[in-house]
Structure formats: structure tokens, C-alpha cells
Amino acid sequence: MTSKMDFFKPLEVSPGFEKIEKILSADSEKVRIERITSNNSSSSKEFWYDQSENEWVTVIQGQGILEFQSPPKEIYLNTGEAIFIPAHTKHRVKSTSSQRHTIWLAIFF
């Protein structure tokens, strides 16, 4: 079945939180596409993503700051900017926009 969606319409999400919407998965989850809506949110200070798959992520609306554990660094992403995160690269969301929802498009493979 074919359906359309508006990537720019944010999901309803309370301040300080984010919501993930699975868009597509294929090959028994070896490829997954998600749209993530963040509302002035961040990962907890003790939490690091340590994913077993590669991730390519872009900001399609708003801004976000990703923090990487080793070597320690921060990457600022604005609308239209993207980053590739290799598998097992420990990272977290340091912050997202407080002015408007941040919408991410993430591809995991």
C-alpha cells in the first residue's frame, strides 16, 4: 500500500521529550528509517547510545547538538545538515531547539 506523509509536520511531543516514528524497515530490520521529533530535549547525562548499526541522521527542521564520548566533541546540526555515525560510536543528544520542534530523519543500517 502506498501512502504519503508530511515530514515537516512535527509529532505531538511535550517539552523535554522526543517521539520516534518508524517510517520503514526492510531485510528483517537490517535497514530502518525513523523520523524523530524533539521538543527542547536531551539525553540523560548518564546515558550514551551504543548502537550495533551505522546511523546517518539529518535535521530537517530546527537544531540539535550531538555529543560524542571518545574523543569528546560536540557537533552542532542545523536544518539541512547531516552526519554519519559509525556503529558503536557512543553519542547522545546534548540539546535540541527550545524555539521550535526539531525533526530528525535517521537511517540505520
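Keep in mind that this is a model prediction, so the values were computed, not measured.

A. View of the nonpolar core. Counting 12 residues, the largest nonpolar core consists of Ile36, Val57, Val59, Leu66, Phe68, Leu77, Ile83, Ile85, Val93, Trp104, Ala106 and Phe108. Counting only elements with at least two residues in this core, the list comes to strand 3 (55–61), strand 4 (63–68), strand 6 (82–85) and strand 8 (102–108). Top contributing element to this core by residue count: strand 8, with three residues. Beyond its immediate sequence surroundings of up to four residues, Val93 is in contact with Ser41, Ser42, Ser43, Ile65 and Leu66.

B. Representation of the environment of Tyr49 in the model. By the secondary structure assignment, Tyr49 is in the loop between strand 2 (31–39) and strand 3. Each C-alpha atom of the pair Tyr49 and Ile107 lies 15 Å from the other, and the pair is 58 residues apart in sequence.

C. Main features of the pattern of salt bridges. Applying the stated rule across the entire model yields five salt bridges. Between Arg32 and Glu53 there is a salt bridge whose closest N-O contact spans 3.2 Å. Remark: Glu53 occurs in the loop between strand 2 and strand 3 and Arg32 occurs in strand 2; sequence separation between them is 21 residues. Glu53 carries the same exposure label as Arg32, and that label is buried. Across the salt bridge formed by Lys94 and Glu74, the nearest N and O atoms sit 2.4 Å from each other.

D. Inspection of the sheet that holds strand 7 (residues 91–96) at higher detail. The strand order across the open sheet built from three strands is 5-4-7, with neighbouring strands paired in antiparallel fashion. The outermost strands of the open sheet, each flanked by one partner alone, are strand 5 (73–78) and strand 7. On average, each strand axis in the sheet is inclined to that of its neighbour by 25°, with strand direction left out of account.

E. Molecular detail of the environment of Leu105. Note on placement: Leu105 falls in strand 8. Taking C-alpha positions, Leu105 is 8.3 Å from Trp56, a pair spaced 49 residues apart along the chain.

F. Seen up close, the packing of aromatic side chains. All chains considered together, the criterion is met by two aromatic pairs. When the ring of Phe47 is compared with that of Tyr49, the centres are 4.8 Å apart and the planes differ by 85°; the resulting orientation is edge-to-face. Between the NZ or CZ atom of Lys73 and the centre of the ring of Phe68, over which it lies, the distance is 5.8 Å.

G. Structural detail: the side chain of Thr37. Here Thr37 is to be found in strand 2. On the basis of relative accessible area, Thr37 is assigned to the buried category, the value being 0%. At 3.2 Å, the side chain of Thr37 and the backbone nitrogen of Leu11 are in polar contact. Those residues in contact with Thr37, other than ones at most four positions away along the chain, are Pro10, Leu11, Val13, Phe17, Glu18, Lys19, His101, Thr102 and Ile103.

H. The sheet that holds strand 1 (residues 17–26), seen in detail. The five strands are arranged 1-2-8-3-6 in an open sheet whose pairing can be described as antiparallel. Each of the sheet's edge strands pairs with one partner strand only, and the pair in question is strand 1 and strand 6. Averaged over neighbouring strand pairs, the angle between their axes works out to 20° when direction is ignored. Bridge count between strand 1 and strand 2: nine bridges; the pairing is antiparallel. By the bridge assignment, Ala26 is partnered in strand 2 with Val31.

Rules and cut-offs
Residues numbered from 1 in each chain as written. Predicted model: local features only at pLDDT ≥ 70, side-chain atom pairs only at ≥ 80, totals over all residues. Heavy atoms only, no water. Core = buried A, V, L, I, M, F, W, Y, C linked by side-chain atoms within 4.5 Å. Buried < 20%, exposed > 50% of the residue type's maximum accessible area, 1.4 Å probe, protein only. Helix = DSSP H or I, 4+ residues; strand = E, 2+ residues; numbered from the N terminus. Contact = heavy atoms within 4.5 Å. Salt bridge = Lys/Arg side-chain N within 4 Å of Asp/Glu carboxyl O. Pairing = 2+ DSSP bridges. Axes fitted to C-alpha atoms, helices over the stretch in contact; angles between N-to-C directions. Phe/Tyr/Trp six-rings, centres within 6.5 Å; stacked < 30°, edge-to-face > 60°. Lys NZ or Arg CZ within 6 Å of the ring centre and 35° of its normal. Polar contact = N/O pair within 3.5 Å; in protein donor to acceptor, adjacent residues only side chain to side chain.

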